[in-house]
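Here's the letter readout for the chains.
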Amino acid sequence: MSTALCDSSTPSNSVEGAEETGKTSFISSLLHQLTSHSFLQPVLSDATEVVLVVSVQRYLGDPGNERTSRSSASYFYDVTVSDGFSQIKCHLAPELNPLVHQNCLKAGNGIHITRCSLAYDEKRLNRCFLQIEALKLAEAESAPRLNTPGLSTEHLHSLTASRRGRDLLSTLQMETPLKGGRVHYLPLWNNNDPYGGEWNGPKGPPFPNVPLEGFRFISLQHLTMIWRTKFEFPHLLVRIMHKSRLRYYGRPGTKVDFPYQAYLEVADQSGMMPLVLWNSLCPEWYQSLHVGTVLLLHRYSVKNSYQMRTWATPCDPQLKSLRTIEICLNPRDPRAEIQIVPTEQVKAEWKLPDIKYNFITRLELDKLPDGYTCDVIGLVTFVGRCQRVRREDGSENFYLYRWVHAVDGSTEQPFVLELFATSQPETFQQIHPMTYLVCTQMRVVRELRPGGAIANVPYLTTSNESQLSISGHHKGQPYTQNPKVQSFIRWIKGQHEKDVMKRSVMGGYYSFPPAPNLFQDYCKNLDATAPFTSISELKKEIESLHYREHRRIILQGTIAAVGYVCHTGSAERLCVKPVLGARNGLDPALQKDDAFAASSSAPVRLDGEGPEEGTSVSRPTEALHVDPVRHHPRQSSPVLNCYWLRKKLADPQMGVLKRKKQTNRQRALKRAAAVQVREQDADVAVSSKGFSQGAEEPVTAGEGDDRRCDAGAATDGFSGYTWKSPTWSELREHLSEYLHFGQLLPESLPRKFAYKHRDFLMQQYNLQAAVYKPVTATPRIALQSFASTCIHGYYSVTIVGVNHQTAIDVVFLPAVMSHEGHRMLGLSVDAHDNTLASILASGYVCDEQATDNNQQKQTSSSPDQIVKTAANLDCLRVICVLDVCHHGGDKSEVILNKIYRVTE
């Protein structure tokens, strides 16, 4: 099966235009074959026809399927395809599910349907559907363009000629999943987020006036005393104090159509009590219920509360907690009545409690204990890629998370935030540098060192009750008048745009918190029965990874070869310097968000009015705005700061002329490096696919230069600094398997943020979309065109298993290369001798600032000197901590995080 992937296609011509050319619909002819046969037999289609994948949708599997069980959920996929004339939804045979798991079959991809059939849903009357049983992935250029939303009238009319056609027609007109009796789809990559048309958007104002006269109300405290004696309770008038993420509890065999629940905590003047939103009320109401919303409730039920769940940490010590019972809002028996009370109708005499917060500054974080709950606000400076981790071994359910840095001005150190999906997909996917981020109900995480000392690397992680807000969504939030939030706004007004942009980074490999110095400390949180993985099992581990799944693997071995790869060439020549918008250089949502619209003539208010879009905003020297008078409108988008690159874009021959102008010394050095690598037989081989069966020949220097550098870099980025063990040549001859993952992928490099291209960067570092959206007629952008923040290159390390049967090439990318970088994160930096063993154990190269006169003399930090010290690792058994991540298709990343000596 071909593994070529297809990029997004552009919109196509209309159906009428296509019909004028005399072409026929591939989908129509395929359906005609399927419905006209006497038996339900598979059809082999023309492999030359390519269809576009319009969407990939996931739903819970059928309990009758042999692949499912009640203890382990399995999922089905429906794939909508288009041939340029028509589009149709098909069921993907379960055997093809791995293509979705690895993001090979994705929206915007082209495929050849090589085998398909017509299948009936035996649990439903008159329901049949098209099932794809075999396919091949197509090239990008061959995919048809998206055109029609469904089958044309002529095609539908032709289906009614047979009973099967009529059954198929009734199925095509439904929006529900094709198989298994399900009524809704799930998000493609996790189960926590709302997805699909069933989820109503927020019920925004204006709300209808809620008649409150004549109702009999009951307080929450009184409810705790009488709930066992009544079946129908009086009305409740409460305010939402906390809101949890969605919980999907669907399993094979679940009979509930919408197996969801969401916890809220509501309060009145007498106390605070948990409330549970059940099943189909979640799609109807979840996205309309926010912290601070006032509700009028009736026809609810009451029961003993479930004490094993997590609880929000109250910020108002005077508010009494009533957690022995919980209010249940059910879709039936009885159906709960919910009404949102408009803000202007809320009266002070109701004495509903105000929302209170516990905002902290970054400076205060260092003094807080582990598990402390707090709220934070900051300016985002780094956004990591979206990654997934399995909820449990063997499960197809994943947690979705990303790492974010945000600064608040109290110190140079940023908040390090571990953000899991909070059932706010629009917010989670729109986080990028230069936005203001508010995170509530965050938990402090800090590890204990031996002896009980607290480590100096605290970070914050989301809880089940955390809520995120970004620029464009701050107006009207209860926290807008908080003193620490107002202090943050005053600090923002004095920031320079260029200083903020220097610190703005997106994506790349990111590992936090740092692993402990001793392996015994590292093992405390591991499964003691089987902490290690053999290299022979490593291939299966990597192959089993799903798209963007991150996994940490520990193995034993020896280091047999090391090579240094310089990837700075592409970053220097393709450096993009962003120049932000004409107002304040932040997200347009910030301009429209009155909460953070700043001007020099009036103080910044989170609930104040800002200037209209496009108007001039005067600013003092210390403001964050870009003066539209001093910046030409054409400079309001990113510009290339390299004159050579601008000339090359205008004249393709400039690149050739530039290379011809290299000095004799540069060319001599390049030839010498190439000769050196050829003499060493290029033992540190790298491969784009990664897997290599047997002890095949390595890539030579002449053919491997580009592959050893970051994709897109010129061959002069290859250093030629290599070391190999004297026993490596003999070991290679006896290897049964040699895995090649020694090339740093473009996705693994952190990139400088370019504001104009924020949508492109967010698309790269978010997960693959479930539904295809045609691209606009803009120039195609390559990820490699954004400058990398890693300026020193990386190391390709060859690890041989302790039994000398298998070997693997992995990447070692020093996390932070300078003492200053560690200090900015609040990490302690212990100076070492800059030998390769010390660098692999610590994760960083010491610069001159990290040493003092009392310590031993430090060796050079130049890559050639570091590689020379690799001989100290010869025949030394080490424990290797590997970070493995799958990036879709045939691209997997294996990065060496740290090594421990076996004696440690």
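Analysis parameters
Residues numbered from 1 in each chain as written. Predicted model: local features only at pLDDT ≥ 70, side-chain atom pairs only at ≥ 80, totals over all residues. Heavy atoms only, no water. Helix = DSSP H or I, 4+ residues; strand = E, 2+ residues; numbered from the N terminus. Buried < 20%, exposed > 50% of the residue type's maximum accessible area, 1.4 Å probe, protein only. Contact = heavy atoms within 4.5 Å. Areas by Shrake-Rupley, 256 points an atom, 1.4 Å probe, with all protein chains shown as cover. Core = buried A, V, L, I, M, F, W, Y, C linked by side-chain atoms within 4.5 Å. Salt bridge = Lys/Arg side-chain N within 4 Å of Asp/Glu carboxyl O. pLDDT = per-residue confidence, 0-100. Pairing = 2+ DSSP bridges. Phe/Tyr/Trp six-rings, centres within 6.5 Å; stacked < 30°, edge-to-face > 60°. Lys NZ or Arg CZ within 6 Å of the ring centre and 35° of its normal. Polar contact = N/O pair within 3.5 Å; in protein donor to acceptor, adjacent residues only side chain to side chain. Arc of directions from axis to C-beta.

Looking at the overall build of the chain
- When you go through the chain residue by residue, the secondary structure sums to 24 helices and 32 strands.
- Of all 904 residues assigned to the chain, the portion counted as buried reaches 56%.
- Considering only residue pairs separated by 6 or more positions, the chain has 75% of its internal contacts joining residues 24 or more positions apart.
- On the chain, roughly 40,800 Å² of surface is accessible, and the fraction owed to carbon and sulfur atoms is 50%.

As for the nonpolar core
- Grouped together as the largest cluster of nonpolar side chains are 95 residues, with contacts concentrated most on Leu 417 and Leu 419.
- Filtering out sequence-adjacent residues up to four positions away, Leu 419 remains in contact with Leu 400, Tyr 401, Arg 402, Val 404, Phe 428, Ile 431, Leu 437, Cys 439, Met 442, Thr 462 and Leu 468.

Some thoughts on the pattern of salt bridges
- Counted by the stated rule, this structure contains 17 salt bridges.
- With a closest N to O distance of 2.6 Å, Glu 133 and Arg 115 form a salt bridge. Placement of Glu 133 in strand E6 (residues 128–137) and of Arg 115 in strand E5 (residues 110–120) is noted, with a sequence separation of 18 residues between them.
- In this structure, Lys 539 and Glu 737 form a salt bridge, with 3.1 Å as the shortest nitrogen-oxygen distance.

Describing the environment of Ile 325
- With respect to the helices and strands, the residue Ile 325 is situated in strand E13 (residues 325–329).
- The class for Ile 325 is buried, based on a relative accessible area of 1%.
- A C-alpha to C-alpha distance of 7.4 Å links Ile 325 and Pro 274, two positions 51 residues apart in sequence.
- With near-sequence residues (within four places) excluded, Ile 325 lies in contact with Leu 223, Thr 224, Trp 227, Met 273, Pro 274, Val 302, Lys 303, Asn 304 and Ser 305.

Concerning the confidence of the model for the chain
- Within the chain, residue pLDDT values average 76, and 69% of them lie at 70 or more.
- Contacts of residues 68–72 to residues separated by more than four positions or lying in other chains number 10 contacts, the stretch itself having pLDDT below 50.
- Taken as a whole, residues 672–689 scores under 50 in pLDDT and shows 51 contacts with residues more than four places along the chain or in a different chain.

Looking at the environment of Leu 813
- Mapped onto the elements of the fold, Leu 813 is located in the loop between strand E30 (806–812) and helix H22 (819–825).
- Linking Leu 813 and Leu 840, residues 27 residues apart in sequence, is a C-alpha distance of 9.4 Å.
- For Leu 813, the contacting residues outside a window of four places in its chain are Tyr 509, Leu 744, Ser 748, Cys 790, Gly 793 and Tyr 794.

Quick look at the pairing of strand E15 (residues 373–383)
- Within E15, 11 of the 11 residues are buried, which leaves the element mostly enclosed by the surrounding structure.
- Both E15 and strand E19 (residues 436–445) contribute to a ladder of 6 bridges, which runs antiparallel. Bridge pairing links Thr 373 to Arg 443 in E19.
- Note that E15 and strand E17 (residues 398–407) share 4 bridges and pair antiparallel. Paired with Val 383 across the bridge in E17 is Val 404.

Quick look at the packing of aromatic side chains
- Applying the stated criterion across every chain, the model contains 31 aromatic pairs.
- Site record: aromatic cluster; members linked through ring pairs are Phe 382, Trp 403, Tyr 459, Tyr 510 and Phe 512.
- One Lys or Arg, Lys 243, reaches over the ring of Tyr 286 and ends 4.1 Å from the middle of that ring.

A look at the side chain of Asn 766
- For Asn 766, the position within the fold is in the loop between helix H21 (758–765) and strand E29 (794–801).
- For Asn 766, a relative accessible area of 10% gives the class buried.
- Of the polar contacts made by the side chain of Asn 766, one reaches the side chain of Arg 402; its length is 3.0 Å.
- The contact partners of Asn 766, leaving out residues within four places of it in the chain, are Cys 386, Arg 402, Gln 429, Tyr 547 and Arg 548.

Focus on the pairing of strand E3 (residues 75–82)
- Across the 8 residues that make up E3, a large majority, 8, are buried.
- Burial of the side chains of E3 extends over both faces: Tyr 75, Tyr 77, Val 79 and Val 81 are buried on one face and Phe 76, Asp 78, Thr 80 and Ser 82 on the other.
- Bridging between strand E2 (residues 51–60) and E3 involves 8 bridges; their strand directions are antiparallel. When the sheet's bridge partners are listed, Tyr 59 is paired in E3 with Phe 76.
- Sheet topology places E3 next to strand E4 (residues 87–92); 5 bridges connect them, and they run antiparallel. When the bridges of E4 are listed, Val 81 appears paired with Ile 88.
- The antiparallel pairing of E3 with E4 creates a hairpin that spans 4 residues between the two strands, and Gly 84 there sits at a positive phi of about 95°.

A word on helix H10 (residues 483–493)
- Within H10 the residues assigned to the buried category are Val 485, Gln 486, Phe 488, Ile 489 and Ile 492. Taken end-on, H10 shows its buried residues confined to a sector of 155°, consistent with a single buried face. Those residues of H10 that are exposed and aimed more than 90 degrees away from the buried face are Pro 483 and Arg 490.
- Here H10 starts with a cap whose side-chain oxygen sits 3.0 Å from the backbone nitrogen of Lys 484, and that cap is Asn 482.

Some thoughts on the environment of Pro 252
- For Pro 252, the location among the structural elements is in the loop between strand E8 (247–248) and strand E9 (260–268).
- Note on Pro 252: relative accessible area 2%, which makes it buried.
- Linking Pro 252 and Gly 180, residues 72 residues apart in sequence, is a C-alpha distance of 9.8 Å.

So, unusual backbone geometry
- That bond from Asp 333 to Pro 334 is cis: its omega, -10°, falls within 30 degrees of zero.
- With respect to the helices, strands and loops of the structure, Pro 334 is situated in the loop between E13 and strand E14 (337–341).
- Residue Pro 513 is reached from Phe 512 by a cis peptide bond, and omega for that bond is -5°.
- Along the chain, Pro 513 turns up in the loop between strand E22 (505–506) and helix H12 (519–522).
- Phi at Lys 351 takes a positive value of approximately 55°, unusual for a residue other than glycine.
- Within the secondary structure, Lys 351 is located in the loop between E14 and helix H8 (362–365).
- For Arg 548, which is not glycine, the phi torsion reads 60° and is therefore positive.

Focus on the side chain of Arg 751
- Structurally, Arg 751 is set in strand E28 (residues 751–752).
- Residue Arg 751 is classed as buried on the basis of its relative accessible area of 2%.
- For Arg 751, the side chain forms a polar contact with the main-chain oxygen of Pro 746, separated by 3.2 Å.

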